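An overview of the molecular structure
If you want the building blocks of each chain, they are given just below.
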There are 2 protein chains.
Amino acid sequence: MTKTVPKNAKKVFEGVLFDTYQWEQEMYDGSKAIFEKLVRKPSVEVIAIVDNKIIVLKQKQPCRENGFYGLPAGRVDDGEKMQQAAKRELLEETGYQSESMNSLVEFFGNSKIYFHEQVFIAQNCKKITEQKLDGGEKIEIEFWNFDKWLQLCRDATSVMPFGFRMMMYEALLDKKKKEELKNKIFGM
Amino acid sequence: MTKTVPKNAKKVFEGVLFDTYQWEQEMYDGSKAIFEKLVRKPSVEVIAIVDNKIIVLKQKQPCRENGFYGLPAGRVDDGEKMQQAAKRELLEETGYQSESMNSLVEFFGNSKIYFHEQVFIAQNCKKITEQKLDGGEKIEIEFWNFDKWLQLCRDATSVMPFGFRMMMYEALLDKKKKEELKNKIFGM
């Protein structure tokens, strides 16, 4: 697990989505410099399966009027567990629910931004209610087969964790990795 | 070109590398929320050619002691042009220089972080001096052929613009795109 920020780092700004930390760092030559790293609020993504298809959302948000594709996803609320957030976001954005919500992979950002993202798999989803969108969301639900879904990583306007896009590209380049990913997603 | 921040956004924090902007955004249902976007200082990357090989740097930095691969690259100084920064970073990090420094592609971050990154090609580079590293850099210079270099995108610890990693993956997936990229880089 990539560490958040060094122990001696101080929070110098608390934002809505990003907090800024700074610390004095000793360099290789003995000089010192102010280093900076952001901590972004954690997010979850859900690969939701309905009858062998994967739910893909076509979204619009204020300031993002061109629309973009992505998975059911969202920010984790304060005090909420990652898995709880995954269940909540899936239900709110799609009206679907699953008895299972299993972690597939998680990521921790890069050297400049700590960002905990976790991707879950929800198999055998059932529609139990209507979408419950907040005022900043317009979402259409689509159902894609695995091969079409795997191509989503190639759409630069789509939104997904950086490390997960790499996993999808790797599956496109390597048949064995593709089968492994498919088997994990569909629980075979 | 992706826009930076909305006109009504205010800079609420000025950091070393990231500035934080916030604004009041009207939502689809008429409610309002505070939106946030960061502006990161611009960076340049250089694809530097020496005798049909591409310069790849193996770097260590304080807080990144495991080391990572990447291209000659760095932050643009205040008031400096992108192309100037590319020439300066190439010379400082490698001691090499080229008469040409041509833009290949540029990127502008995502909806949460505005980040102007530009990738340049420097053909026919010549060594004219020694490396001139700052106190926070340890850099070894390697020379990779095109096919090995193209695999660099698959190394999750390597550092490069997100959009450029996608371009490299696309070249691995599509022979025509691979030839086009190779021809642009080597000036054929």
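Described in the following lines is the structure provided in the data block.

What follows deals with the overall build of chain A. A tally of helices and strands in chain A yields four helices and 11 strands. Considering only C-alpha atoms, chain A reaches an extent of 60 × 40 × 35 Å along its principal axes. Expressed as a percentage of its 188 residues, the buried residues of chain A come to 50%. In chain A, once contacts between residues fewer than 6 apart in sequence are set aside, the share between residues at least 24 apart is 58%. In chain A, the 30 positive side-chain charges and the 29 negative ones have mean positions that sit 2 Å from each other.

Time to look at the packing of helix α3 (residues 162-173) of chain A against helix α4 (residues 175-186) of chain A. All names here are of chain A. For the pair α3 and α4, interaxial distance at closest approach is 5 Å and the crossing angle is 125°. Taken together, α3 and α4 sit at an angle that is classed as oblique. Two packed elements cross with a definite hand, and for α3 against α4 that hand is left-handed. The segment α3 lies against α4, with Met167, Glu170, Ala171 and Leu173 engaging Lys175, Lys177, Lys178 and Leu181. Of the residues assigned to the contact of α3 with α4, the class counts are four nonpolar, no polar and four charged.

With that settled, the discussion passes to the nonpolar core. A general tendency of soluble globular proteins is for nonpolar side chains to be buried together. Ranked by internal contacts, the top residues of the largest apolar core, which has 51 residues, are A:Trp149, A:Phe164, B:Trp149 and B:Phe164. Ignoring anything within four residues of it in the chain, the contact list for B:Phe164 reads B:Ile47, B:Leu71, B:Leu104, B:Val105, B:Phe107, B:Val119 and B:Trp149.

Glancing now at the interface of chain B and chain A. Every contact between the two is made by 45 residues of chain B and, on the other side, 44 residues of chain A. At the surface where chain B touches chain A, the tally comes to two salt bridges. A salt bridge links A:Arg154 to B:Glu170, with the nearest nitrogen and oxygen atoms 2.7 Å apart. If you look at where chain B meets chain A, you find 18 residue pairs in polar contact (both at pLDDT 80 or more). Broken down by secondary-structure element, the contributors of at least two residues to the side of chain B that touches chain A are β1 (10-14), β2 (18-26), β3 (32-50), β4 (53-61), β5 (64-70) and α3 (162-173) of chain B. It is α3(B) that provides the largest number of residues to the side of chain B that touches chain A, a total of seven residues. For the side of chain B that touches chain A, the class distribution of residues is 22 nonpolar, eight polar and 15 charged.

Right, let's talk about the pairing of strand β8 (residues 102-108) of chain B for a bit. Across six bridges, the pairing between β8(B) and strand β9 (residues 113-122) of chain B is antiparallel. By the bridge assignment, B:Phe108 is partnered in β9(B) with B:His116.

This next bit is on the pattern of salt bridges. Residue and element names in this part refer to chain A. Going through the model one piece at a time under the given rule, you end up with 22 salt bridges over all chains. The closest approach of N and O atoms between Asp77 and Arg88, which form a salt bridge, is 3.6 Å. One end of the pair, Asp77, is in the loop between β6 (73-75) and α1 (82-94); the other, Arg88, is in helix α1, with 11 residues separating them in the sequence. For Asp77, a relative accessible area of 41% corresponds to the partly exposed category.

Right, let's talk about the relation of the copies chain B and chain A for a bit. For the pair chain B and chain A, the relating rotation is 180°, the translation along its axis is 0.0 Å, and the fit reaches an RMSD of 0.0 Å. Read as a symmetry element, the transformation amounts to a two-fold axis.

Turning our eyes to something else, we now look at α4(A). Residues separated by three or four positions in an α-helix point in the same direction, a consequence of the helix having 3.6 residues per turn. Residue and element names in this part refer to chain A. The end-to-end C-alpha distance of α4, which contains 12 residues, comes to 16 Å, matching closely the 16 Å that a straight helix rising 1.5 Å per residue would cover. All of the buried residues along α4 are Leu181, Ile185 and Phe186. Within α4, the buried residues cover an arc of 115° as seen down the axis, which keeps them to one side. Summarising the geometry of α4, the exposed residues directed more than 90 degrees from the buried face are Lys176 and Lys184. For α4, the secondary structure elements touched by its buried residues are β3 (32-50), β4 (53-61), β8 (102-108), β9 (113-122), α2 (146-150) and α3. N-capping of α4 is provided by Asp174, with a side-chain oxygen placed 2.9 Å from the backbone N of Lys176. Just past α4, the residue Gly187 takes up positive phi, approximately 70°.

Time to look at empty space enclosed by the protein. Counted according to the given criterion, the structure contains one cavity of 30 Å³ or more. Surrounding the largest cavity, A:Phe162, A:Arg165, A:Met166, A:Tyr169, B:Phe162, B:Arg165, B:Met166 and B:Tyr169 form its lining. Secondary-structure elements contributing two or more residues to the lining of the largest cavity are α3 of chain A together with α3 of chain B. In terms of residue class, the lining of the largest cavity is made up of six nonpolar, no polar and two charged.

It is worth spelling out the packing of aromatic side chains at this point. Applying the stated rule across the entire model yields 17 aromatic pairs over all chains. Their ring planes at 65° and their centres at 6.1 Å tell us that A:Tyr96 and A:Phe143 sit as a pair that is edge-to-face. Of this pair, A:Tyr96 sits in strand β7 (residues 96-97) while A:Phe143 sits in strand β11 (residues 138-144); the two residues are 47 residues apart in sequence, bridging distant segments of the chain. On the numbers, 5.8 Å between centres and 35° between planes, the contact of B:Phe146 with B:Trp149 is tilted. Separated by three residues within a single helix, B:Phe146 and B:Trp149 lie in helix α2 (residues 146-150), roughly one turn from each other. Residue classification places B:Phe146 among the buried positions, given a relative accessible area of 4%. Residue B:Trp149 is classed as buried on the basis of its relative accessible area of 0%. Through a chain of ring-to-ring contacts, three or more aromatic side chains come together here, namely A:Phe146, A:Trp149, A:Phe164 and A:Phe186. Between B:Arg64 and the ring centre of B:Phe68, over which it is positioned, the NZ or CZ distance is 4.1 Å. Stacked on the ring of B:Trp144, the Lys or Arg B:Lys148 has its end atom at 4.2 Å from the ring centre.

Analysis parameters
Residues numbered from 1 in each chain as written. Chains lettered and ligands numbered in written order. Predicted model: local features only at pLDDT ≥ 70, side-chain atom pairs only at ≥ 80, totals over all residues. Heavy atoms only, no water. Helix = DSSP H or I, 4+ residues; strand = E, 2+ residues; numbered from the N terminus. Buried < 20%, exposed > 50% of the residue type's maximum accessible area, 1.4 Å probe, protein only. Contact = heavy atoms within 4.5 Å. Lys, Arg positive; Asp, Glu negative; His and termini not counted. Charge placed at Lys NZ, Arg CZ, Asp CG, Glu CD. Axes fitted to C-alpha atoms, helices over the stretch in contact; angles between N-to-C directions. Parallel < 35°, antiparallel > 145°, perpendicular 65-115°, else oblique. Left-handed = near helix turned anticlockwise from the far one by under 90°. Nonpolar A, V, L, I, M, F, W, Y, C, P; charged D, E, K, R; others polar. Core = buried A, V, L, I, M, F, W, Y, C linked by side-chain atoms within 4.5 Å. Salt bridge = Lys/Arg side-chain N within 4 Å of Asp/Glu carboxyl O. Polar contact = N/O pair within 3.5 Å; in protein donor to acceptor, adjacent residues only side chain to side chain. Pairing = 2+ DSSP bridges. Least-squares fit on C-alpha atoms with pLDDT ≥ 70 in both. Expected span 1.5 Å × (residues − 1). Arc of directions from axis to C-beta. 1 Å grid on protein atoms, 1.4 Å probe; cavity = no way out; pocket = protein on both sides within 12 Å on 5 of 7 lines; lining within 4 Å. Points joined across faces, edges and corners; volume = space filled by probe spheres on them. Phe/Tyr/Trp six-rings, centres within 6.5 Å; stacked < 30°, edge-to-face > 60°. Lys NZ or Arg CZ within 6 Å of the ring centre and 35° of its normal.

Limitation: the analysis is restricted to geometry and does not speak to function.
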